[in-house]
Amino acid sequence: MTPTTLADFLLPDGFGRPRVHAVIGEGRVIAEAGRYAWDALSQRGERRHTPYARRAPMRWDEPVLLVPGFMAGDATLALMRRALQQQGVRTYRSHIRSNVGCTIDVAAQMERRLESIAQRRGSKVRIVGHSLGGMLARGVAARRPDLVSGLVTLGSPMLAPGAHHVSLGASVAMLVRLSRAGFGGLMSEDCVAGACARRSFDEGRLSLAPSVDFTALYSKRDGIVDWRACIDPDATAVEVRASHLGMAVDPRVIAVVTEALRPTRSLVEVDRGEIA
């Protein structure tokens, strides 16, 4: 099993894998996390000088579900969750410990989670999905507009899931080998080259209902996936300047996510949604 075993339809013409050395740029995540820490300290100082009665932010009406990327769990979005909560957003975890399972099964788990949240809160849910999490969320949002009111994807290569760095392909190959060896709950060959892969890809290309807001964030600094594959024609595409991993922690990206989650919003767009 090698990365080239992926089904051809997962890597359409016009897209390609990032260069081998592109992954070095992902080291920017250290500085991006540091930027988050600095902002958090600054905000803490500001709150100390704010009267207690004015500290509590206004609660948003719609809850937000955060979905992690490939081989990641809810913990990777903890900083974003905290930042959103400080803005008054009621956030929920996906209950995904590590996103390494069959994509169809993970999507079904996400759908059940959405049903539970919608029933509990009495409203539709907005989703923020990082990388693979965003791809799966798009499919669920297309099938269940009765549950989802909005979607924000972060570096999710929906147009070409196979347009990822060779290291990611090696990780997929490892999961398939473990699945063949009898380890349950992992991606199998069918998930990357068979009917399962075809179904996941097709569901991710279904049209979204007009009632579902869709914002797709991408970065030309992305060293993990081809940024061009993240620009879904059905979405409002917004460029951010962050690494693939850093999209989950960079406060500048989180600010864009927060604005995109608002039911009525106005993003500054230039060309295909590029922001300064």
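Structure: see above.
No experiment lies behind these values; they were computed from the predicted model shown.

Participant: Is there a simple way to think about the overall build of the protein in this case?
Facilitator: Each helix and strand counted, the protein has eight helices and six strands in total. Starting at the N terminus, the α and β elements of the protein follow one another as α-β-α-β-α-β-α-β-α-α-α-β-β-α. Within the protein, counting contacts between residues at least 6 apart in sequence, those at least 24 apart form 75% of the total. For the protein, the computed accessible surface area is about 13100 Å², with 53% contributed by carbon and sulfur atoms.

Participant: Which parts of the structure should I look at to understand the environment of Ala137?
Facilitator: Checked against the element boundaries, Ala137 lands in helix 4 (residues 132-143). Along the sequence, Ala137 and Glu111 sit 26 residues apart, while their C-alpha atoms lie 8.8 Å from each other. Not counting the four nearest positions on each side in its chain, Ala137 is found in contact with Met110, Ile127 and Leu151.

Participant: Could you clarify how one ought to interpret the pattern of salt bridges in this entry?
Facilitator: Think of it this way: side chains of opposite charge can pair up when their charged atoms draw near. In the structure shown here, the tally under the stated rule is 17 salt bridges. Here Glu115 and Arg144 are joined by a salt bridge, their closest N and O atoms 2.9 Å apart. Of this pair, Glu115 sits in helix 3 (residues 103-121) while Arg144 is found in the loop between helix 4 and strand 4 (148-154), placing the two residues 29 residues apart along the sequence. Given a relative accessible area of 35%, Glu115 falls into the partly exposed group. Here Asp232 ties to Arg205 by a salt bridge, and the two come within 2.8 Å at their closest N and O atoms. Taken together, the positions of Asp232 in the loop between strand 5 (213-218) and strand 6 (236-239) and Arg205 in the loop between helix 7 (195-203) and strand 5 put the pair 27 residues apart, joining distant regions of the chain. One continuous salt-bridge network, built from bridges that share partners, spans Glu111, Glu115, Arg143, Arg144, Asp146, Arg199 and Glu203.

Participant: Teacher, can you tell me more about the sheet that holds strand 2 (residues 91-93) here?
Facilitator: Either a parallel or an antiparallel arrangement is found when strands of a sheet pair, and the pairing is made through backbone hydrogen bonds. Judged by pairing direction, the sheet is parallel, and its six strands sit side by side in the order 2-1-3-4-5-6 without closing on themselves. Where the open sheet ends on each side, the last strands, each with one partner, are strand 2 and strand 6. Averaged over all pairs of adjacent strands, the angle between their axes in this sheet comes to 20°, without regard to strand direction. Summarising the sheet, strand 1 (residues 64-67) and strand 2 pair through three bridges and their orientation is parallel.

Participant: Honestly, the environment of Arg17 in this entry has me stumped. Any pointers?
Facilitator: Tracing the backbone shows Arg17 in the segment before helix 1 (29-48). Spatially, the C-alpha atom of Arg17 lies 4.6 Å from that of Ala163, the residues being 146 residues apart in sequence.

Participant: What's the story with helix 5 (residues 166-180) in this structure? I'm lost.
Facilitator: Taking 1.5 Å as the rise per residue, helix 5 with 15 residues should run 21 Å; its terminal C-alpha atoms sit 21 Å apart, in good agreement. Buried within helix 5 are the following residues: Gly169, Ser171, Val172, Ala173, Leu175 and Val176. Contacts made by the buried residues of helix 5 are with helix 6 (189-193). Downstream of helix 5 by a residue or two, Gly182 has a phi angle that is positive, lying close to 110°.

Participant: Where do I start with the environment of Gly101 in this structure?
Facilitator: Within the element layout of this structure, Gly101 appears in the loop between strand 2 and helix 3. The spacing of Gly101 and Ser188 is 87 residues in sequence and 8.3 Å in space, taken between C-alpha atoms. The residues contacting Gly101, other than those within four sequence positions of it, are Val106, Gly185, Leu186 and Met187.

Participant: In this structure, what is going on with the packing of aromatic side chains? I would like to understand it.
Facilitator: How two aromatic rings sit relative to each other is given by the distance of their centres and the angle of their planes. Summed over the entire model, instances satisfying the criterion amount to two aromatic pairs. Between Tyr218 and Trp227, the ring centres sit 5.6 Å apart and the planes meet at 20°, which makes this aromatic pair stacked. Take Tyr218: its relative accessible area is 4%, and that puts it in the buried class. Here Arg198 stacks its cationic end above the ring of Phe9, 4.0 Å away from the centre of that ring. Its guanidinium or amino end placed over the ring of Trp227, Lys220 lies 5.1 Å from that ring's centre, counting from NZ or CZ.

Participant: What should I look at first to understand the pairing of strand 1 in this one?
Facilitator: On any regular strand, side chains alternate: one points to one face of the sheet, the next to the other face. Burial of strand 1 is two-sided: the residues Val64 and Leu66 facing one way and the residues Leu65 and Val67 facing the other way are all buried. The pairing of strand 1 with strand 3 (residues 125-130) spans four bridges and is classified as parallel. Along strand 3, the bridge assignment pairs Leu65 with Ile127.

Participant: Whenever I open this one, a nonpolar patch on the surface confuses me. Can you help?
Facilitator: A cluster of nonpolar residues, Met71, Met174, Leu178 and Phe183, forms a patch on the protein surface that exposes about 350 Å² of accessible area. The residue Leu178 is located in helix 5 in this model.

Participant: Before we go on, may I ask you to explain the nonpolar core in this structure?
Facilitator: Nonpolar side chains tend toward joint burial in soluble globular proteins. If you look at the biggest cluster of nonpolar residues, it comprises 44 residues, and the most contacted ones within it are Leu65, Met110, Leu114, Ile127, Val148 and Phe214. The contact partners of Leu114, leaving out residues within four places of it in the chain, are Leu65, Val125, Ile127, Val140, Leu147 and Val148. With 25 residues, the next largest nonpolar core counts Tyr36, Trp60, Leu66 and Val89 among its residues.

Quick notes on the rules
Residues numbered from 1 in each chain as written. Predicted model: local features only at pLDDT ≥ 70, side-chain atom pairs only at ≥ 80, totals over all residues. Heavy atoms only, no water. Helix = DSSP H or I, 4+ residues; strand = E, 2+ residues; numbered from the N terminus. Contact = heavy atoms within 4.5 Å. Areas by Shrake-Rupley, 256 points an atom, 1.4 Å probe, with all protein chains shown as cover. Salt bridge = Lys/Arg side-chain N within 4 Å of Asp/Glu carboxyl O. Buried < 20%, exposed > 50% of the residue type's maximum accessible area, 1.4 Å probe, protein only. Pairing = 2+ DSSP bridges. Axes fitted to C-alpha atoms, helices over the stretch in contact; angles between N-to-C directions. Expected span 1.5 Å × (residues − 1). Phe/Tyr/Trp six-rings, centres within 6.5 Å; stacked < 30°, edge-to-face > 60°. Lys NZ or Arg CZ within 6 Å of the ring centre and 35° of its normal. Patch = residues over 30% accessible without salt bridge, like charges linked within 9 Å, V, L, I, M, F, W, Y side chains within 5 Å. Core = buried A, V, L, I, M, F, W, Y, C linked by side-chain atoms within 4.5 Å.

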